[in-house]
Amino acid sequence: MFSEVELVRGVVVLAEKLDKDSAVASRSVITTQLLEDLLREKASKDHGYFLKVTALKMIGKGQISDDSRKMLFPVAFSCRTFIPCQGEILEGVVRHVHNLGVIIRCGPLNYAFLSARKMPNYHYVDGMNPFFLRDDLAKIDKEVVVRFRVLQARWIEKSREMRKEFVMVVSIVGDSLGPVCGPHESDL
């Protein structure tokens, strides 16, 4: 689900980067640092993935931090976010295929698992490029766009190579769910 949230963050900037004579230049430095901080943070459990800062509401008065070379500015802003919700219908691109199911990427979310058990009437075809095939020749292969329903979404703070990610278990059981277009089709 997409939403618009208002957030307040403390943005730390090196004092030497700020221009005493130009409020516009200083504002630009603070805004750039805010965007870099959000890019590094990527997502939060409460709000989901940070997609876009839509409005800069206020930059407060800077305070000198413990290290006198840095200044801390409170910044209020609006941000568009994406958080996966149970029951939601989404589309994503198949990244990996294996006998237990497929891993799908959906926007900023890298790990949506579609179990072979949640693909009715599909069977696994092994080989150099494995895929799932249905009797009517509908195919779920690497790079195929799939429409699915979210069964469960879970926040992972840190686990092996994953850091600050949502993971989903998804299904294509239901009407209008399944492969939307193949890897070489230009429907999207």
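Residues numbered from 1 in each chain as written. Predicted model: local features only at pLDDT ≥ 70, side-chain atom pairs only at ≥ 80, totals over all residues. Heavy atoms only, no water.

Some points on the overall build of the protein
Secondary structure assignment for the protein yields one helix and 14 strands. Here the protein has a C-alpha radius of gyration of 22 Å; the compact-globule value for 188 residues is 16 Å, and the former is much larger. Across the 188 residues that make up the protein, the buried fraction comes to 37%. Contacts spanning at least 24 positions in sequence make up 60% of the contacts within the protein whose residues lie at least 6 apart. Total accessible area computed for the protein in this model is approximately 11,500 Å², and 51% of it derives from carbon and sulfur atoms. Taken together, the 27 basic and 24 acidic charged side chains of the protein have centroids lying 4 Å from each other. (Helix = DSSP H or I, 4+ residues; strand = E, 2+ residues; numbered from the N terminus. Rg over C-alpha atoms; globule rule 2.2 N^0.38 Å. Buried < 20%, exposed > 50% of the residue type's maximum accessible area, 1.4 Å probe, protein only. Contact = heavy atoms within 4.5 Å. Areas by Shrake-Rupley, 256 points an atom, 1.4 Å probe, with all protein chains shown as cover. Lys, Arg positive; Asp, Glu negative; His and termini not counted. Charge placed at Lys NZ, Arg CZ, Asp CG, Glu CD.)

Digging into the pattern of salt bridges
Under the counting rule described, the total for this entry stands at eight salt bridges. The partner of Arg 9 in a salt bridge is Glu 41, with the nearest N and O atoms 2.6 Å apart. Taken as a pair, Arg 9 in strand E1 (residues 2-14) and Glu 41 in helix H1 (residues 23-41) lie far apart in primary sequence, 32 residues in all. Lys 42 is paired through a salt bridge with Glu 165; the nearest N and O atoms lie 2.7 Å apart. Placement of the pair is Lys 42 in the loop between H1 and strand E2 (43-44) and Glu 165 in strand E13 (residues 162-171), with a sequence separation of 123 residues. (Salt bridge = Lys/Arg side-chain N within 4 Å of Asp/Glu carboxyl O.)

Observations regarding the environment of Phe 77
By the element assignment, Phe 77 lies in strand E5 (residues 70-82). Separated by 22 residues in the primary sequence, Phe 77 and Ala 55 place their C-alpha atoms 5.6 Å from one another. Beyond its immediate stretch of four places on either side in the chain, Phe 77 contacts Val 5, Glu 6, Leu 7, Arg 9, Leu 34, Leu 38, Val 53, Ala 55, Leu 56 and Lys 57.

Observations regarding the confidence of the model for the protein
Per-chain confidence: the protein averages 90 in pLDDT, with 91% of residues scoring 70 or above. Ranking the elements of the protein by mean pLDDT puts strand E4 (residues 63-64) last with 83 and strand E7 (residues 101-106) first with 97. (pLDDT = per-residue confidence, 0-100.)

As for the pairing of E7
Burial analysis of E7 places five of its six residues in the buried class, which makes it a mostly covered element. Pairing of strand E6 (residues 89-98) with E7, which is carried by five bridges, proceeds in the antiparallel orientation. Note on E7: the bridge partner recorded for Val 93 is Arg 105. Here E6 folds back onto E7 in antiparallel fashion, the turn holding two residues. Inspection of the sheet shows E7 paired to strand E8 (residues 109-115) by five bridges, in the antiparallel sense. Within E8, the position partnered with Ile 104 by the bridge is Ala 112. Joining the antiparallel neighbours E7 and E8 is a turn of two residues, in which Gly 107 adopts a positive phi near 60 degrees. (Pairing = 2+ DSSP bridges.)

Thoughts on the nonpolar core
Core analysis: the biggest nonpolar cluster contains 28 residues, and Ile 104, Ile 140, Phe 148 and Ile 172 have the highest contact counts within it. The greatest single-element share of this core, amounting to four residues, is contributed by strand E12 (residues 145-159). Those residues in contact with Ile 140, other than ones at most four positions away along the chain, are Val 94, Val 102, Met 119, Tyr 122, Phe 131, Phe 132, Val 146, Ile 172 and Pro 179. Counting residues in hydrophobic clusters, the runner-up holds 14 residues, among them Val 13, Phe 73, Phe 77 and Cys 79. (Core = buried A, V, L, I, M, F, W, Y, C linked by side-chain atoms within 4.5 Å.)

With respect to the sheet that holds strand E11 (residues 139-140)
Sheet architecture is open: three strands sit in the order E9-E10-E11, paired in antiparallel fashion. Of all strands in the sheet, those with a lone pairing partner are strand E9 (122-125) and E11, marking the two edges. The pairing of strand E10 (residues 131-134) with E11 spans two bridges and is classified as antiparallel. The residue bridging Leu 133 from the neighbouring strand is Lys 139, located in E11.

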